[in-house]
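Chain residues, written in single-letter form:
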Amino acid sequence: MPPVIDEERCTLCGTCYDRCPTDVFTPAGDEPPCVAYPEECWHCAACVIDCPAEAVVLDLPLQMHIVPSPALYGPPGPEEADALRQAAAFSRSIVEPS
Ligand code: SF4
Ligand code: SF4
């Protein structure tokens, strides 16, 4: 799913517009940026990470939630397990922002 801007939170700073590598957003004057080209979104999450108001919500495609399966690669070591936990927490923060 392309990004969605929470208009209540948006401070009109333009950071998402500046950061997006594929120009998904267009400026909208006194309104939050418009998601004008949603089909161009790579789901890189730059707009989510850099928005100072936590106003951008991005629902990542299922494929991007898939992590290496222990069935194929064996159980993760302590450092890998910690990295996987952090990745999962990050994914949840994007899908379910507080
Ligand atoms: S970065 Fe966030 S606060 Fe700034 S214009 Fe985009 S959505 Fe609004
Ligand atoms: S996730 Fe990346 S490509 Fe998609 S709108 Fe945000 S900055 Fe642009």
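A short tour of the structure in this document, coming up. (Residues numbered from 1 in each chain as written. Chains lettered and ligands numbered in written order. Predicted model: local features only at pLDDT ≥ 70, side-chain atom pairs only at ≥ 80, totals over all residues. Heavy atoms only, no water.)

Remarks on the site of ligand 2
Filter applied, for reference: A molecule or strand has a residue near it when one of that residue's heavy atoms lies within 4 Å. Charged means Asp, Glu, Lys or Arg here, nonpolar means Ala, Val, Leu, Ile, Met, Phe, Trp, Tyr, Cys or Pro, and polar covers whatever is left, Gly included.
Taken together, 14 residues surround ligand 2, and among them Cys20, Cys41, Cys44, Ala45 and Cys47 come closest. Taken together, the residues that form the shell around ligand 2 break down as 12 nonpolar, 2 polar and no charged.

Points about the side chain of His43
To keep things clear, this is the line we draw: Numbering of helices and strands runs from the N terminus, with a helix taken as a DSSP run of H or I at least four residues long and a strand as a DSSP run of E at least two residues long. Distance and chemistry together define a polar contact, namely a pair of N or O atoms within 3.5 Å, with one atom able to donate a hydrogen and the other to accept it when in protein, and with adjacent residues in sequence counting only for side-chain atoms on both sides.
Looking at the secondary structure, you find His43 in the loop between β3 (31-35) and α2 (46-50). Here the side chain of His43 touches Met1 through a polar contact of 3.1 Å, landing on its backbone oxygen.

A look at the pairing of β3
Put simply, the rule reads: In this description, strands pair whenever DSSP reports at least two bridges between them.
By the bridge criterion, 3 bridges tie strand β2 (residues 25-28) to β3 in an arrangement that is antiparallel. Opposite Ala28, over in β3, you have Glu31 as the bridge partner. Hairpin remark: β2 followed by β3, antiparallel, with 2 residues in the connecting loop; positive phi at Gly29, about 65 degrees.

Quick word on the site of ligand 1
If you check the shell around ligand 1, you find 14 residues, and the closest are Cys10, Cys13, Gly14, Cys16 and Cys51. Residues of the shell around ligand 1, tallied by class, amount to 11 nonpolar, 3 polar and no charged.

Here we look at the nonpolar core
Spelled out, the test is: Nine residue types can take part in a nonpolar core, namely buried Ala, Val, Leu, Ile, Met, Phe, Trp, Tyr and Cys, and a core is a set of them joined through side-chain atoms within 4.5 Å. Note on exposure labels: buried denotes an accessible area under 20% of the residue type's maximum, exposed denotes more than 50%, and partly exposed covers the range between, all computed with a 1.4 Å probe on protein chains only. By definition, residues are in contact when any of their heavy atoms lie within 4.5 Å.
The biggest cluster of nonpolar side chains holds 16 residues, and the ones touching the most others in it are Ile5, Phe25, Cys47, Val56 and Leu58. Excluding residues within four positions of it along the chain, Ile5 makes contact with Cys10, Cys16, Phe25, Pro32, Pro33, Ala55 and Val56.

Regarding unusual backbone geometry
A positive phi is found at His43, a non-glycine position, where the angle reads about 60 degrees. Look at Ala45: it is not a glycine, yet its phi comes out positive at around 75 degrees. With respect to the element layout, Ala45 can be found in the loop between β3 and α2.

Side note on the pattern of salt bridges
Opposite charge on two side chains lets them pair, provided their charged atoms get close. Condition: Take a side-chain nitrogen of Lys or Arg and a carboxyl oxygen of Asp or Glu: if they are within 4 Å of each other, that pair is a salt bridge.
This model, assessed by the stated rule, comprises 3 salt bridges. Residues Asp6 and Arg9 are paired through a salt bridge, measuring 4.0 Å at the closest nitrogen-oxygen approach. Residue classification places Arg9 among the partly exposed positions, given a relative accessible area of 33%. The partner of Asp50 in a salt bridge is Arg19, and the shortest N-O contact between them spans 2.8 Å. With Asp50 in helix α2 and Arg19 in helix α1 (residues 15-19), this pair connects stretches of sequence that are 31 residues apart. Given the relative accessible area of 31%, Asp50 is considered partly exposed.

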